[in-house]
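Coordinates in review
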Amino acid sequence: MSRPKEAGMAIPESSELLPAAPLLLTTEEVRLLWAFVHGDIMNAAMRTWLRASLGFCPRHTWAYAVVEIELWEAGVGARGGHQPFDVSVLYEFLARDFARRLALPHGWGRRPEAVLMPSRRCYLCTQLEVPLKDGFALGYANSNSASLAAEANLLLHTRRWCEATADEWSGRACPACLGLGGDGFPCRAHLAERVRVGAADDGALAASSRMLASLADRLADLSASMTASGQPADAETEASWVEVLGFFAGWRFPAFLAGLTDASAAE
Ligand SMILES: [Zn+2]
Ligand SMILES: [Zn+2]
């Protein structure tokens, strides 16, 4: 079993944006994320950590969505299972929180580009460094993590979601992530880069803040559509989870799944 390479203290190497390629999750990544989906997400201390770390690193942001979408087979709402419910709830919270911070980039005692970067490491990356006891760890409710990883890595349902919603989000994707033109908002990492080189000012941060606040409203509608009493979501709402993860973790992975780019264009 290999683990993602990591380096440095504040920002792990896996904070780099993903290439346009499959994730190929390890058994241990799937075991930890499957447990996270089933409980840790609700923990108040975990929310505090995730606020500081701006969610997960790019790899584990998309891995989190893949694990929920591929492995959660039953649900309520029109679709039933294989939908990003936990993802929408968590990232609505993170998008609203981050929108508030971006609206006041100088009000937090930090340089604007620092506001755009995590101040704490990805929780999953830290957990992957904890040695397994006797080389063995139980999956959530005794699940077989190796077979769950094999199932998740097929990406069947995540690919279907990305393909089905691509017409909505492709025009709003970060142009720098995909090497395309277009007038989409930069993702968090590319916005930070623009601030660093003086190509984005407080007005750009305020515009991203407004975009995130309205995205959070769509995420609220999306998670409501996955509850027993919720209304079915329209196409724009269905795309909201791809857009929020694209902002926080870059767009190459969903673009790859939707066939908008290919592995040869990675990096
Ligand atoms: Zn991570
Ligand atoms: Zn980008």
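Calculation rules
Residues numbered from 1 in each chain as written. Chains lettered and ligands numbered in written order. Predicted model: local features only at pLDDT ≥ 70, side-chain atom pairs only at ≥ 80, totals over all residues. Heavy atoms only, no water. Phe/Tyr/Trp six-rings, centres within 6.5 Å; stacked < 30°, edge-to-face > 60°. Buried < 20%, exposed > 50% of the residue type's maximum accessible area, 1.4 Å probe, protein only. Lys NZ or Arg CZ within 6 Å of the ring centre and 35° of its normal. Donors = N, O, S within 2.8 Å, 3.2 Å for Na, K, Ca; no water. Tetrahedral: all angles 85-135°; square planar, octahedral: opposite > 155°, others 65-115°. Core = buried A, V, L, I, M, F, W, Y, C linked by side-chain atoms within 4.5 Å. Contact = heavy atoms within 4.5 Å.

**Concerning the packing of aromatic side chains**
Under the defined criterion, the tally for this structure stands at 14 aromatic pairs. Between F247 and F248, the aromatic rings sit 5.3 Å apart at their centres with planes inclined by 90°, giving edge-to-face as the arrangement. For F247, a relative accessible area of 2% puts it in the buried group. Residue class for F248 comes out buried when judged on its relative accessible area of 2%. Site record: aromatic cluster; members linked through ring pairs are F36, W49, F56, Y64 and Y123. The ring of F93 has R47 sitting right over it, with the charged end atom 4.9 Å from the ring centre. Between the NZ or CZ atom of R120 and the centre of the ring of W49, over which it lies, the distance is 3.7 Å.

**Some words on the coordination of the zinc ion (ligand 1)**
For the zinc ion (ligand 1), the full set of protein donor atoms is C57 (SG), H60 (ND1), C122 (SG) and C125 (SG), at a range of 2.0 to 2.4 Å. Considering all four donor atoms around the zinc ion (ligand 1), angles at the metal cover 100 to 113° and the coordination shape is tetrahedral. Of note, the zinc ion (ligand 1) draws all its donor residues from one chain, in the sequence arrangement C-x2-H-x61-C-x2-C. Summarising the burial analysis for this pair, C57 and H60 share the class buried.

**As for the nonpolar core**
In this structure, Y91 and W241 are the most contacted members of the largest nonpolar core, which totals 79 residues. For Y91, the contacting residues outside a window of four places in its chain are G55, F56, T61, Y64, L219, V244, L245 and F248.

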